[in-house]
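Okay, here's what each chain looks like letter by letter:
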Amino acid sequence: MLTRPDVAVVGAGPVGLAVAWRCASRGLRVTVHDPAPGRGASHVAAGMLAPVAEAYFGEHQLTGLLTESAARWPGFAAELAEAAGTDLGYRTDGTLVVGLTTDDLAEARRLWTYQQGLGLPITPLRPTELRDREPALAPRVRGGAIAPGDHQVDPRRLVAALRTAAEQAGAVWRPGVVGDLSEVDARVTVVAAGCGAAALTGLPVRPVKGQVLRLRAPGRGAPDFRHVVRGYADGESVYLVPRDSGEVVVGATVEECADTEVTAGGVLRLLRAAVDLVPELAEYHLAEASAGLRPGTPDNAPIIGALPGRPGVLAATGHHRHGIVLTPITADLVTELIVTGEPDPLLAPFTPDRFAGTRRAGHHGPGSDASAIEEETCN
Ligand code: GLY
């Protein structure tokens, strides 16, 4: 590309690629900078689109954004699948929230009572109703609820589709590493670099490690259960995401660490909780154990909008546990901001200026889920 691009996107995860696709589709000249597209947090992510099951206490503004983005997912998935000519593994079977023991069920119920209080669609089920829906659940699972609107997508397929669609729309990939934003020459630069945004912008984005397993059903068949299962098992929180391919994603630890080592303890805790909830998983093949770094923020919410004191630089980062579900709305809002120059009112709680004065320590440039499986030490 010889002419100066209108938009340079730094970071080719789902958010960056979706911004690139949307902007290129609007006729803007777009470059995407990333030495390894799709190899960040999304490569490990399970792909739960769960605004209800992931609506946590004290995060009602984030829950509103998750709900709005999840509502855009069916249209986004259909449009993207058509543009890229591929299947995204988008499934609408719903999510079961279950508790193994009486204490686990009490914890799950406390959260879904809060979610119901927000008017979110989640319905308690009697144990017989639960087992009728998912006979693969262990007989000792005490009870649960269904969030029928909490869906799933395969993040690896999503990234591949977004890359194809963005390139077909005219976006150009630049494989070099961007060490400093001064290396990028464009009318607007969008920093969608996940944890890498901290070094590029000084924003308070920190790595939150998650270990994730991929199991594979024996033979060629799909798993015997179809719902996403978000379970509490002897005080641990785990999620199980079954795919038509036979894969079951088991996640995830939540660790305040910056390494991507897989630990025996992490694997043990994930597998124990998974098999306690769905015993047949003990017969599955262990296909992959990996770890990724979620881009966490001080309030667990993303950072989207213009960087104060940095004309022409926008942030689209800090999506923490919600990068996949928030991809459509982030791309829409960032694209509208670039095209019109006006921030959508939906962005107001999520702009970078809410962290003015709390920039990452040591930067000299200009500018939880408490119940999840947590490791006490890092490598
Ligand atoms: N949203 C799932 C996770 O962060 O583990």
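First, a word on scope: everything that follows refers to the structure included in this document. Within every chain, residues take consecutive numbers counted from 1 along the sequence as written. With pLDDT at 70 or above as the cut-off, local features in this predicted model cover only qualifying residues; side-chain atom pairs require 80 or more to be listed or tallied, and sums for whole chains, interfaces and linings still use all residues. Think of the side-chain values as coming from all heavy atoms in the structure, minus any hydrogens and water.

We call two strands paired when DSSP finds no fewer than two bridges between them. Secondary structure elements are defined from DSSP: runs of H or I of at least 4 residues count as helices, runs of E of at least 2 residues count as strands, and each element is numbered from the N terminus. The eight strands lie next to each other as β5-β6-β4-β11-β12-β13-β10-β14, forming an open sheet whose pairing is mixed. In this open sheet, the two edge strands, each paired with only one partner strand, are β5 (123–125) and β14 (285–296). Neighbour-to-neighbour, the strand axes of this sheet turn through a mean angle of 25°, independent of strand direction. What makes two residues a contact is simply this: any of their non-hydrogen atoms within 4.5 Å. All axes are obtained by fitting lines to C-alpha atoms, using only the stretch in contact for helices, and the reported angles, taken between N-to-C directions, cover 0 to 180 degrees. The strands touched by helix α4 (residues 102–117) within the sheet are β4 (95–99), β5, β6 (143–147) and β11 (228–233), with β11 carrying the most contacts at an inclination of about 125°. The sheet strands contacting helix α8 (residues 264–277) are β4, β10 (206–216), β11, β12 (236–242) and β13 (247–251), and the helix crosses β10 at an angle near 50°.

Another aspect to go through is the packing of aromatic side chains. Aromatic rings from Phe, Tyr and Trp, taking only the six-membered ring of Trp, are treated as a pair when their centres fall within 6.5 Å; an angle between ring planes under 30 degrees marks them as stacked, one over 60 as edge-to-face, and anything in between as tilted. Here the structure, examined in full by the defined rule, presents four aromatic pairs. For the ring pair Phe57 and Tyr114, a centre distance of 4.7 Å and an interplane angle of 45° mean the geometry is tilted. Of this pair, Phe57 sits in the loop between β3 (48–49) and α3 (60–84) while Tyr114 sits in helix α4; the two residues are 57 residues apart in sequence, bridging distant segments of the chain. Working definition: with a 1.4 Å probe on protein chains only, accessible area under 20% of the residue-type maximum means buried, over 50% means exposed, and in between means partly exposed. According to the relative accessible area criterion, Phe57 is partly exposed, its value standing at 41%. Where Trp73 meets Phe76, the ring centres are 5.1 Å apart and the plane angle is 75°; that geometry is what we call edge-to-face. Taken together, the residues Trp73 and Phe76, both in helix α3 and three residues apart, mark about one turn of the helix. Since its relative accessible area comes to 2%, Phe76 is described here as buried. A network of ring pairs unites the aromatic residues Trp21, Trp73, Phe76 and Tyr90 as a single cluster. Over a ring means this: the NZ of a Lys or the CZ of an Arg is within 6 Å of the ring centre and within 35 degrees of the ring normal. In this structure, Arg22 is placed above the aromatic ring of Trp21, and the distance from its NZ or CZ to the ring centre is 4.6 Å.

Looking now at the site of the ligand. Summary of the distance rule: residues count as near a molecule or strand when at least one heavy atom falls within 4 Å of that molecule or strand. By nearness alone, every residue bordering the ligand is listed as Met48, Glu54, Tyr239, Ala252, Arg294 and Arg321. Polar contact is defined as a pair of N or O atoms within 3.5 Å, subject to the rule that within protein one atom must be able to donate a hydrogen and the other to accept it, and that residues adjacent in sequence are counted only when both atoms are side-chain atoms. Note that an oxygen atom of the ligand is positioned 2.5 Å from one of the side-chain N or O atoms of Tyr239. At 2.7 Å, a side-chain N or O of Arg294 approaches an oxygen atom of the ligand. Surface exposure here means Shrake-Rupley accessible area, sampled with a 1.4 Å probe, where a residue is shielded only by the protein chains that are shown. Relative to its unbound accessible area of 200 Å², the ligand is 88% covered by the protein chains.

Two orientations exist for strands paired in a sheet by backbone hydrogen bonds: parallel and antiparallel. The six strands are arranged β8-β2-β1-β9-β16-β15 in an open sheet whose pairing can be described as mixed. The open sheet has two edge strands, β8 (172–174) and β15 (303–306), and neither has a second partner. Taking the axes of each pair of neighbouring strands and ignoring which way they run, one obtains an average angle of 20° across the sheet. Relative to β8, strand β2 (residues 30–33) runs parallel, the two being bridged by three bridges. For His33, the partnering residue across the bridge sits in β8 and is Arg174. Its contacts with the sheet place helix α1 (residues 14–25) against β1 (7–10), β2, β9 (188–191) and β16 (313–317), and it is angled at close to 170° to β2. The strands that helix α9 (residues 327–340) touches are β1, β9, β15 and β16; relative to β16, the one it contacts most, it runs at about 175°.

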